[in-house]
Amino acid sequence: MNYVVLTIFFLLSALTLGSGIMVVTVKNIIHAALWLISTFVGVAALYMLMEAEFLAIVQVLVYAGAVSILVLFAIMLTRQITGTGTRQLHSRWWVAMLTAAALFGGVIVPTVWQQGSSWDKTASDAQAILVQQATEANGGTRPEIIPVAGTEELGAALMGEYLLPFEVVSLLLTAALIGAILIAFEERTRRRRVLTLAEELALRKRGIVEPHDEEGAVVPVDAEQAV
Amino acid sequence: MVGTIPIAWVLTLAAGLFCIGLFGALSRRNTVGILMGIELMLNSVNINLVAFWRYLRPMGTAGLTFTVFTIAVAAAEVAVGLAMVIAIYRARQTINADEADTLKG
Amino acid sequence: MPFNPPSIDLTVLGMPALLMAWGMLVLLIDLFTSNQRVLATVSLIGLIATAGVGLLTWGTQRTAFFDMVVLDNFGTVVNWILLGATALSILLALDYLPRQNLMRGEFYALLLFATSGMLLLVQANDLVMIFIGVELLSISLYVLTGFAVPRISSGEAAMKYLLLGAFAAGFLVYGIALIYGFVAANDAISSTSLTAISQDLAAKQAAGIAINDPIILTGLGFVLIALGFKVSMVPFHAWTPDVYEGAPTPITAYMSVTTKGAALVAIIRLLTVAFAALRPEWQFIFAILAALTMTYGNIVAIAQKNLKRMLAYSSIAHAGYMLMGVLSASPLGASAFVIYLVAYALTNIGAFAVLTTLENRGMAALELQDLRGLYRRHPWLSVAMVIFMFSLAGVPLTAGFMGKFAVFQAAWDADLKWLVLVGVLTSVISAFFYLRVTVQMFMEEPVSAEAAERPVFATAPLVVGLTIAVVGIIILGVVPSQVLNFVNNTVVAAAR
């Protein structure tokens, strides 16, 4: 037993699950977003523990960096409806609680534990093969670090076996980008703009608007109205 | 990691995070809160995938690549979702032409 | 480490690849012109060209990109239906968008992206591709649903769709992860492709290991929950009425047909290719869900006053009928599903086209009573609507009857006689509310003098679309044998 790894694992589990619970229960939605960052960092550390360094860095960059900042921005831009005073949970939150608990205790955990020992046997076999290969490559002595598939293999897989999904994901990101801009931007046609001289003249003839106020500044008119 | 911690523990941790996220997504009234719950669910899946990769197929890449795809898709989804939150908020704030039309029609 | 670049097999990937590239092209053209007739025409040409690629690759049957995608005649036929449905939806949108002041060029690009995601989903042969295909079509559809976004109902529909879609995506990836964990324990299997899963299950079965393991059942269940969301199968249907009501009408027409079609093909491939060995486990559960879906959709539809909501509930019911074809898990069932999908695509898009013509700018909702006296305002339109309603109800001599007949036959053959009975009974129930629409159009007086004067926007593209739908329904209903033979031959040939 490696007690260091064990301790780290339990600390990280406590961090991840504890901040996860805070995310879904705290009243203040900004605090929830901050706890979310803590959960993301905990998950990144777990990846580190499982020797997936590249994914740990991606997790910090994308989730802890980008997604959580996006969430905070959205909260700040809409703060009147996300105030701290209002109730944050449904009145029937206990139904959700029961559903989640039933799924956890009734479905996933028994399933996983029932399969656990056979998986652990496969895992120790796979690990033994890894150690043996690493020892052979090192000239007979067992090296400090047993290599597993890392960034290099991941890159090769993304350009090889997984080329098609990789390319499609890039299209998906494009679609999401266009969509987000389309939805969040003010509509072009609705934007108030200053009229051209010709339009102003036409409007004045029809008597729709008084184009100048007392200071002589041009009063913007809805472009739609001008047509 | 392998040999010290049984895989079932890691999977239980992931299942716990998934169900916490599920609870959040089902019980929050606030849209951003629901989105945060969904993010927790997707994160827990990634723990599962990485654990399967490390324990069962340490020299393969299927679990790793799938995690990368999940992260990308989750980020795209959250970006679109937050854009919608902002747009709806703005639409509620301003009385625009369409609403006036709605009253007439 | 040596790196071998993969061979790019554009024959297999032809249809989705061309459509994706075409979507990008439309996006580029949008930079230079804001004339949406140009964009719509280019998009239509793209759809036709993609269908043409299907013609060129007809008969090929192989997988590519390390078993990620598969090309077979079954997939090509479904792709054609999806492309046709997209083209009809573009005809619907062409005059609707400017009238509702929603004219933005990205509409067409996003529509093509969504369709290419569906084509990928239809051709997917790997859990990764199923996930990516579902997400590509979903994200594009979230945006399209919220396209009328200053209108609150549209924004809220989009939000609801996105939240439930992302929620379902969580289940989808969790299920895929569990299946991956189950398969990865077998050293001989190196990927999550559907064929590899079936090999793994076969190997375990041969070794005497029980394959109805909780882990694989949980994984499969989670994946099917997520796909059930897309199909709007009961009990995962709750989003459907709100989203269909809030979305712009052409988009409602589009997604009510295509999303269901593509997701059901994914379910067919998943169940018959990968998990055929588990058939006793899934078939009964699916039969119950199909029965629930048909019953619930048709009964709740009776109570609806809003036309779009009524059609939404009716679309839930139709998903149930299509599921009957899917769960028969036979070549007959697959071809019945294809026939039903054609009939449903023509009919449902046609019905929504009629709604599109009646929808004024800024109209809050289209109620059943708004149809009163439509016969006097626009006789041809009401005749078309009658045909669509008859076809949805499954009256003989329409395409809908052929579709229902085919799925009932398939289910009967699969020894699910009680399900056929449920199907027939719910069809009879459904006739009630479809006929009520007809009665409103012909027999009742308009609610007010103002309602009698409302304009009907039957513009040229819409009339073309309506004509195609009506002619298609009648051809399929009156002389169905050629179509039936064609579909039977291709699908039976494609069945493995």
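Computed from a predicted model, the values in this text were never measured in an experiment.

**Remarks on the overall build of chain C**
Looking only at helices and strands, one finds 20 helices and two strands in chain C. The C-alpha atoms of chain C give 22 Å as radius of gyration, which agrees with the globular expectation for 496 residues (23 Å, within 12%). Overall, the C-alpha framework of chain C stretches about 75 × 55 × 40 Å when taken along its three principal axes. Here the analysis covers contacts within chain C between residues at least 6 apart in sequence; of these, 81% occur between residues at least 24 apart.

**Brief notes about the overall build of chain A**
Scanning chain A for helices and strands turns up eight helices and zero strands. In chain A, which comprises 227 residues, the proportion classed as buried is 27%. Contacts in chain A between residues at least 24 apart in sequence constitute 46% of all its contacts with a sequence separation of at least 6.

**A word on the nonpolar core**
Within soluble globular proteins, side chains that are nonpolar tend to cluster in buried spots. Counting 303 residues, the largest nonpolar core has A:Leu172, B:Val80, C:Leu121 and C:Tyr340 as its most contacted members. Counting residues per element, this core draws most heavily on helix α6 (residues 152–184) of chain C, which supplies 23 residues. In contact with A:Leu172, not counting residues within four places along its chain, are B:Val73, B:Ala76, C:Ile132, C:Glu135, C:Leu136 and C:Ile139.

**Some details on the confidence of the model for chain C**
On average, residues of chain C score 90 in pLDDT, and 98% of them are at 70 or above. Interface confidence in the predicted complex, given as ipTM, is 0.91; pTM for the same model is 0.91.

**Things to note about the interface of chain C and chain A**
At the interface, 32 residues of chain C touch 27 residues of chain A. If you list the elements that add at least two residues to the side of chain C that touches chain A, you get α4 (106–123), α5 (127–145) and α8 (214–231) of chain C. If one sorts the elements of the side of chain C that touches chain A by residue count, α5(C) sits on top with nine residues. Its residues assigned to classes, the side of chain C that touches chain A comprises 24 nonpolar, five polar and three charged.

**Observations regarding the interface of chain B and chain A**
Contact with chain B, which involves 64 residues of that partner, is made by 80 residues of chain A. Mapped onto the side of chain B that touches chain A, the elements with two or more residues apiece are α1 (7–27), α2 (31–56) and α3 (62–93) of chain B. In terms of residues, the side of chain B that touches chain A owes the most to one element, α3(B), which gives 20 residues.

**Re the packing of helix α16 (residues 399–413) of chain C against helix α17 (residues 417–443) of chain C**
What describes two packed helices is the angle between their axes and the distance between those same axes. Residue and element names in this part refer to chain C. Running from amino to carboxyl end, α16 crosses α17 at an angle of 155°, the nearest separation of the two axes being 8 Å. By the criterion of interaxial angle, the relationship of α16 to α17 is roughly antiparallel. The crossing of α16 and α17 is left-handed. Here α16 contributes Lys404, Phe408, Ala411 and Trp412 to the contact with α17, which in turn contributes Lys417, Leu419, Val420, Gly423 and Ser427. When its residues are assigned to classes, the contact of α16 with α17 shows five nonpolar, two polar and two charged.

**A short note on the environment of C:Ala157**
Checked against the element boundaries, C:Ala157 lands in helix α6. Excluding anything up to four places from it in sequence, C:Ala157 contacts C:Thr145, C:Asp242, C:Val243, C:Glu245, C:Gly246 and C:Ala247.

**Section: the environment of C:Arg377**
Residues and elements named next belong to chain C. With respect to the secondary-structure elements, Arg377 resides in helix α14 (residues 374–377). Of the residues examined, Arg377 has 19 C-beta atoms within 10 Å and is grouped as partly exposed. The contact partners of Arg377, leaving out residues within four places of it in the chain, are Ala452 and Val456.

**Things to note about unusual backbone geometry**
Residue and element names in this part refer to chain C. The omega angle of the peptide bond from Val234 to Pro235 is 5°, so this bond is cis rather than trans. When you line up the elements, Pro235 lands in the loop between α8 and α9 (240–246). Backbone geometry places Ala329, a non-glycine residue, at a positive phi of 50°. Summarising the element assignment, Ala329 is placed in the loop between α12 (307–327) and α13 (331–358). Since 20 C-beta atoms lie within 10 Å of it, Ala329 is described here as buried.

**Quick word on α8(C)**
All names here are of chain C. Between the first and last C-alpha of α8 there are 25 Å, a value that for 18 residues agrees with the 26 Å anticipated at 1.5 Å per step. Taking burial as the measure, the 18 residues of α8 include 13 buried ones, the bulk of the element. Looking one or two residues beyond α8, the residue adopting positive phi is Ser232, at roughly 55°.

**Some words on helix α2 (residues 29–49) of chain A**
One turn of an α-helix holds 3.6 residues; hence residues three or four places apart share an orientation. For α2(A), spanning 21 residues, the distance from its first C-alpha to its last is 30 Å, which sits close to the expected 30 Å at 1.5 Å a residue. Following α2(A) by one or two positions, A:Glu51 adopts a phi angle in the positive range, close to 65°.

**Quick word on the confidence of the model for chain A**
Scored by pLDDT, chain A has a mean of 82; 77% of the residues are at 70 or more. Contacts of residues 210–227 of chain A to residues separated by more than four positions or lying in other chains number 24 contacts, the stretch itself having pLDDT below 50.

What counts, and where the lines are drawn
Residues numbered from 1 in each chain as written. Chains lettered and ligands numbered in written order. Predicted model: local features only at pLDDT ≥ 70, side-chain atom pairs only at ≥ 80, totals over all residues. Helix = DSSP H or I, 4+ residues; strand = E, 2+ residues; numbered from the N terminus. Rg over C-alpha atoms; globule rule 2.2 N^0.38 Å. Contact = placed C-beta atoms within 7 Å. Buried ≥ 20, exposed ≤ 12 C-beta atoms within 10 Å, placed from the backbone. Core = buried A, V, L, I, M, F, W, Y, C linked by C-beta atoms within 7 Å. pLDDT = per-residue confidence, 0-100. Nonpolar A, V, L, I, M, F, W, Y, C, P; charged D, E, K, R; others polar. Axes fitted to C-alpha atoms, helices over the stretch in contact; angles between N-to-C directions. Parallel < 35°, antiparallel > 145°, perpendicular 65-115°, else oblique. Left-handed = near helix turned anticlockwise from the far one by under 90°. Expected span 1.5 Å × (residues − 1).

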